[in-house]
Amino acid sequence: MTRERGGFTPISQVEMAAPEWLRRISWPSVLIAIFGLLPVLGTVLEIAGAPRLHFLDYWHLLARITNDDGTLIPRAIVQYHNEHPMFVPALLFWLDAKFLGGSNHALGALTAVFAAGIVLVLNLMLPRSLAVVKRTALTAAFAFLVFSTNATEMFGQGMSGISWMPQFFFAVLALLLAQRGRPVWSMAGALAACVSHGTAFAVFPALALVFFLRGDRARRVLWPLVIGLVVVVGWLLTVNQAPKTGGDLRADDYLAMTAGTIGQLWSAKAPDIAVVLGGLTAAGIVAAVVLLLRKRTGGGIDASLAGWAGVGLYILAAAAMIGLSRAALGIGVSLAGRYAEIAALAAAALLALAVLWFPSVSVARVTAVVLTVAAVGYVAGNGQANIQRQIYQEQAITAVAMRVNAPAEMSRLRVPKEVLPAAKALGVYPFSADFTLGCGRPGLELGDQVDPKQIQELAAPEPGLPNVGNVDSGPVRGDAPIVGWALVNQRAVDCVLVLDSVNRIVGGGEVGVRRADIGLALHVDEQNSGFTAVAAPGATSPRIVVGARGSLFHVGAVTAKG
């Protein structure tokens, strides 16, 4: 390096070395990790946009485990639900009702925490000797699979996620501990999974496989089988309902249901595609397990491969349990969103086994393949996600039906009326201060009186008019479905109310329901002009009023019903 006159060196000739910590960073891994965060962000947004009100099984379990004053019935926690030992989910449901006001968002967020835990455990199951970019790519793929759009039900319906996700977390944690030679702690994880959901019974043979492939002593292999047998026998002796028979079902019906459950990641609406791809996934896992068992004759194999073989066997056994118990309901049930994590873990196991089995494959090829598979699976789940989002609209009606104590509508929406005293005592939404009919200003909530002078009339349906609407379900009456549509300035309305004969608000519902038929018939761009509503039983002369941009309009046109 030469110095110029005056003792200064030109900046172009100065040699600058990056800090050691900066040179150790694998920037391709950083970019892949950022890519892997995208499905997590999507899940966060999904949870935030989901309804506040809980769904289905939450209310049935809450009614069973609480007294009318909202206090917990401890013995009810350890009762079976739909033949499953859902002790952990039941307790979490009650804690949510007691301390969080019955928040679907809270249970959705907790489901996401369990899902993140699954991704972390799967990452820890990969050997540290694996190239860092390969390991990062596989972890990103795990995130895309576990947080797939196919699993929207798990995150958008917190009760569904908490019913299923804990058992998957505890099961894969047990397999990680077995992979690392921790038999006692792995049994603890397996038992925690079993008190979360009955499908976790499948983890015990998987633990035995891991210990066997590792070359551990015979007692380590036998203990999971013995404990699993005790658990299953104990369940059979105490279950409230005998297992259902398959009737005229044949072996191929059960196999198709099992394969469809494993392959649903790739098909939201076509069971045949799910069955084919699920069958191929299962065949790949079975082939890997068989080859590892053959290799085991020469001594213990690598612990990382043993662990992933255990994940594969666990998922195949769990899918087989679902196939045996649900085949009678039809192959379409295999596409249900609640089984999404079975498909995700099956794909994760197959990807990991393939990468570990062929270590000579280049980093670039491994990265390209695993990220492509994960991204395609994520996009393919969009159909299932949209199915779940359509269910969201019923929740506004359900909330109003509960508030006005409409038993017929609650029954239609599958909410047991027995839960109402406990829900009120606990202040569970919709019996909380943040319940609203959504009109955006005070004086337009249940029980409020509305000045009739503030209400304008909507015209009967006719093309060319800006303010029109109709009640399609016939004359409005209490505790019955009310369906219709309304346009104000050719746009959808902001809220829907039901008023009685003295202009008191006795009901409400949901707006923004898709009605493409109205847009087509009236030649307008608005596609979401529909509404659904419910009114209190016995409401006198109920009528529909909609709110739009600060104004109220009476929907006077009603379709006559014969």
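All figures in this text were calculated on a predicted structure; none of them were measured in a lab. Here the residue numbering is sequential within each chain, running from 1 through the sequence in written order. The model is predicted, so local features are restricted to residues of pLDDT at least 70 and side-chain atom pairs to those at 80 or more, both for listing and for counting; the totals for chains, interfaces and linings are taken over all residues. Each side-chain value is worked out from all heavy atoms of the structure, with water and hydrogens disregarded.

Draft legend 1. Highlighting the overall build of the protein chain. Comment: elements are numbered from the N terminus, with helices defined as DSSP H or I runs of at least four residues and strands as E runs of at least two. Along the backbone of the protein chain there are 22 helices and nine strands. Expressed as lengths along the three principal axes of its C-alpha atoms, the size of the protein chain is roughly 90 × 85 × 45 Å. When the accessible surface of the protein chain is totalled, it reaches about 24,800 Å², and 62% of it is carbon and sulfur. By the counting scheme adopted, Arg and Lys are positive, Glu and Asp are negative, and His together with the chain ends is not counted. Note on charges: their place is set at NZ of Lys, CZ of Arg, CG of Asp or CD of Glu. Positive and negative side-chain charges in the protein chain, numbering 42 and 34 respectively, have mean positions lying 12 Å apart. Here the open area of atoms and residues is found with the Shrake-Rupley method and a 1.4 Å probe, where only the protein chains shown may cover a residue.

Draft legend 2. Local environment of the confidence of the model for the protein chain. Residue-level confidence of the predictor is summarised by pLDDT, bounded by 0 at the bottom and 100 at the top. When pLDDT is averaged along the protein chain, the result is 92; 94% of the residues meet or exceed 70. When mean pLDDT is taken per element in the protein chain, helix α6 (residues 104–124) scores highest with 98 and helix α1 (residues 20–23) scores lowest with 63.

Draft legend 3. A look at the packing of aromatic side chains. Between 30 and 60 degrees the pair is tilted, below 30 it is stacked and above 60 it is edge-to-face, where a pair is any two Phe, Tyr or Trp rings, Trp via its six-membered ring, whose centres lie within 6.5 Å. One pass over the structure, following the stated rule, counts 16 aromatic pairs. Measuring from ring centre to ring centre gives 5.6 Å for Phe-147 and Phe-155, while their planes differ by 10 degrees; the resulting arrangement is stacked. Here the term buried applies to any residue with accessible area under 20% of the maximum for its type, exposed to any over 50%, and partly exposed to those in between, with areas from a 1.4 Å probe on protein chains only. Judged by relative accessible area, Phe-155 falls into the buried class, the value being 2%. Pairing Trp-164 with Tyr-339 gives two aromatic rings, centres 5.5 Å apart and planes at 80 degrees, and the pair type is edge-to-face.

Draft legend 4. Geometry of a nonpolar patch on the surface. Patches were defined on residues exceeding 30% relative accessible area and lacking a salt bridge, with like-charge contacts within 9 Å and nonpolar side-chain contacts (Val, Leu, Ile, Met, Phe, Trp, Tyr) within 5 Å. Here a salt bridge means any side-chain nitrogen of Lys or Arg lying within 4 Å of a carboxyl oxygen belonging to Asp or Glu. Residues Leu-222, Trp-223, Leu-225, Val-226 and Val-230 make up a contiguous nonpolar surface patch of about 500 Å² in total accessible area. Owing to a relative accessible area of 42%, Val-226 belongs among the partly exposed residues under this scheme.

Draft legend 5. Just unusual backbone geometry, in detail. The residue after Tyr-429, namely Pro-430, is reached through a cis peptide bond having omega 20 degrees. Mapped onto the secondary structure, Pro-430 falls in the loop between α21 (420–426) and β1 (455–457). One non-glycine residue, Asn-82, lies in positive phi territory at about 50 degrees. Tracing the backbone shows Asn-82 in the loop between α4 (74–77) and α5 (87–100). The backbone of Glu-83 sits at a positive phi, close to 75 degrees, despite the residue not being glycine. If you trace the backbone, Glu-83 turns up in the loop between α4 and α5. For Glu-83, a relative accessible area of 17% corresponds to the buried category.

Draft legend 6. Structural detail: the pairing of strand β9 (residues 551–554). By the convention used here, strands pair only if DSSP detects at least 2 bridges between them. Note: β1 against β9, three bridges, orientation parallel. Note on β9: the bridge partner recorded for Gln-456 is Phe-553. Strand direction decides the pairing type here: strand β8 (residues 543–548) and β9, joined by four bridges, are antiparallel. In the strand pairing of β9, Ala-548 is matched with Ser-551.

Draft legend 7. Spotlight on the packing of helix α14 (residues 271–296) against helix α16 (residues 340–357). Axis geometry follows a simple rule: fit a line to the C-alpha atoms, using only the stretch in contact for helices, then measure angles between N-to-C directions, giving values from 0 to 180 degrees. Following both chains from N to C, one finds α14 and α16 inclined at 45 degrees, their axes separated by 10 Å at the closest point. Our classification of the angle between α14 and α16 gives oblique. At the point where α14 passes α16, the crossing takes the left-handed sense. From α14, Thr-281, Gly-284, Ile-285, Ala-288, Leu-291 and Leu-292 reach across to α16, where they touch Ala-346, Ala-347, Leu-350, Leu-353 and Trp-357. Its residues assigned to classes, the contact of α14 with α16 shows nine nonpolar, two polar and no charged. An angle below 35 degrees is read as roughly parallel, one above 145 as roughly antiparallel, one from 65 to 115 as roughly perpendicular, and any other as oblique. In this scheme the handedness of a crossing depends on how the near helix is turned from the far one: anticlockwise by less than a right angle means left-handed, clockwise means right-handed. Two residues qualify as a contact provided that any one of their heavy atoms is within 4.5 Å of a heavy atom in the partner residue. The residue classification treats Ala, Val, Leu, Ile, Met, Phe, Trp, Tyr, Cys and Pro as nonpolar and Asp, Glu, Lys and Arg as charged. All others, Gly included, are polar.

Draft legend 8. Quick look at the packing of helix α13 (residues 251–263) against helix α15 (residues 303–326). Orientation of α13 relative to α15, taken along the N-to-C sense of each, is 130 degrees, at an axis distance of 8 Å. By the angle between their axes, α13 is oblique relative to α15. Note that α13 runs across α15; the crossing there is right-handed. Touching Tyr-254, Met-257, Thr-258, Thr-261 and Ile-262 of α13 are Leu-316, Ala-319, Ala-320, Ile-322, Gly-323, Leu-324 and Arg-326, all from α15. Its residues placed into classes, the contact of α13 with α15 shows eight nonpolar, three polar and one charged.

Draft legend 9. A look at the environment of Phe-35. Secondary-structure assignment places Phe-35 in helix α2 (residues 27–49). What makes Phe-35 partly exposed here is its relative accessible area of 31%. The contact partners of Phe-35, leaving out residues within four places of it in the chain, are Phe-144 and Leu-371.

Draft legend 10. Structural context of the state of the cysteines. A pair of cysteine sulfur atoms is labelled a disulfide when the two atoms are within 2.5 Å. Applying the stated criterion across every chain yields a total of one disulfide. Between the sulfur of Cys-439 and that of Cys-495 lies a disulfide, 1.9 Å long from S to S. Torsion about the S-S bond of the Cys-439 and Cys-495 cystine: about 95 degrees, corresponding to right-handed handedness. One end of the pair, Cys-439, is in the loop between α21 and β1; the other, Cys-495, is in strand β5 (residues 495–499), and 56 residues separate them in sequence. For the pair formed by Cys-439 and Cys-495, the shared burial category is buried.

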